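Now for the letters of each chain:
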Amino acid sequence: MTWIYEARLYDSRSVANYVAMCVRDDQILRGQQQPLVQIYRTRKGNYGVRYQPPLSL
């Protein structure tokens, strides 16, 4: 499975956490089970959000 990265990077982890919650809630509202959303940190110290789409059969 491949990761999909959000376009923006954030200075604080709390803002990235909020965006991750919004992405997770959006996936749940679409009816997807157990969305996998992660917050990662870049080498420069910024934070980003990535997620994996569900498998399509």
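Described in the following lines is the structure provided in the data block. If you're wondering where the values come from, they're calculated on a predicted model, not measured in any experiment.

### Overview of the pattern of salt bridges
So, point 1. Here the structure, examined in full by the defined rule, presents 1 salt bridge.
So, point 2. Linking R30 and D26 is a salt bridge whose minimum nitrogen-to-oxygen distance equals 3.4 Å.
So, point 3. Judged by its relative accessible area of 62%, R30 is exposed.

### Considering the pairing of strand 2 (residues 36–41)
So, point 1. Inspection of the sheet shows strand 2 paired to strand 3 (residues 47–52) by 6 bridges, in the antiparallel sense. Across the sheet, the residue bridging to Q38 is R50, located in strand 3.
So, point 2. Counting the residues between successive antiparallel strands, the hairpin from strand 2 to strand 3 contains 5 residues, one of them, G45, with a positive phi of roughly 100°.

### Some words on the side chain of R50
So, point 1. The residue R50 is located in strand 3 in this model.
So, point 2. Only 3.3 Å separates the side chain of R50 from the side chain of Y5, close enough to count as a polar contact.
So, point 3. At 2.8 Å, the side chain of R50 and the side chain of Q38 are in polar contact.
So, point 4. With sequence-adjacent residues up to four places away left out, R50 is seen in contact with W3, I4, Y5, L36, V37, Q38 and Y40.

### Quick word on the packing of aromatic side chains
Between two aromatic rings, the relevant description is the distance of the centres plus the angle of the planes.
So, point 1. Applying the stated rule across the entire model yields 1 aromatic pair.
So, point 2. Here the aromatic rings of Y5 and Y40 are separated by 5.4 Å at their centres, their planes lie at 85°, and the arrangement is edge-to-face. One end of the pair, Y5, is in strand 1 (residues 4–5); the other, Y40, is in strand 2, and 35 residues separate them in sequence.
So, point 3. Residue classification places Y5 among the partly exposed residues on the basis of a relative accessible area of 45%.
So, point 4. One residue, R50, lies across the ring of W3, its end atom 4.2 Å from the ring centre.

### With respect to the nonpolar core
So, point 1. Grouped together as the largest cluster of nonpolar side chains are 9 residues: Y10, A16, V19, A20, V23, V37, Y47, V49 and Y51.
So, point 2. Listed by contribution, the elements that provide at least two residues to this core are helix 1 (13–29) and strand 3.
So, point 3. For this core, the element with the highest residue contribution is helix 1, accounting for 4 residues.
So, point 4. If we skip the residues at most four places from it in the chain, V37 touches A20, V23, R24, Q27, V49, R50 and Y51.

About the cut-offs
- Residues numbered from 1 in each chain as written.
- Predicted model: local features only at pLDDT ≥ 70, side-chain atom pairs only at ≥ 80, totals over all residues.
- Heavy atoms only, no water.
- Salt bridge = Lys/Arg side-chain N within 4 Å of Asp/Glu carboxyl O.
- Buried < 20%, exposed > 50% of the residue type's maximum accessible area, 1.4 Å probe, protein only.
- Pairing = 2+ DSSP bridges.
- Helix = DSSP H or I, 4+ residues; strand = E, 2+ residues; numbered from the N terminus.
- Polar contact = N/O pair within 3.5 Å; in protein donor to acceptor, adjacent residues only side chain to side chain.
- Contact = heavy atoms within 4.5 Å.
- Phe/Tyr/Trp six-rings, centres within 6.5 Å; stacked < 30°, edge-to-face > 60°.
- Lys NZ or Arg CZ within 6 Å of the ring centre and 35° of its normal.
- Core = buried A, V, L, I, M, F, W, Y, C linked by side-chain atoms within 4.5 Å.

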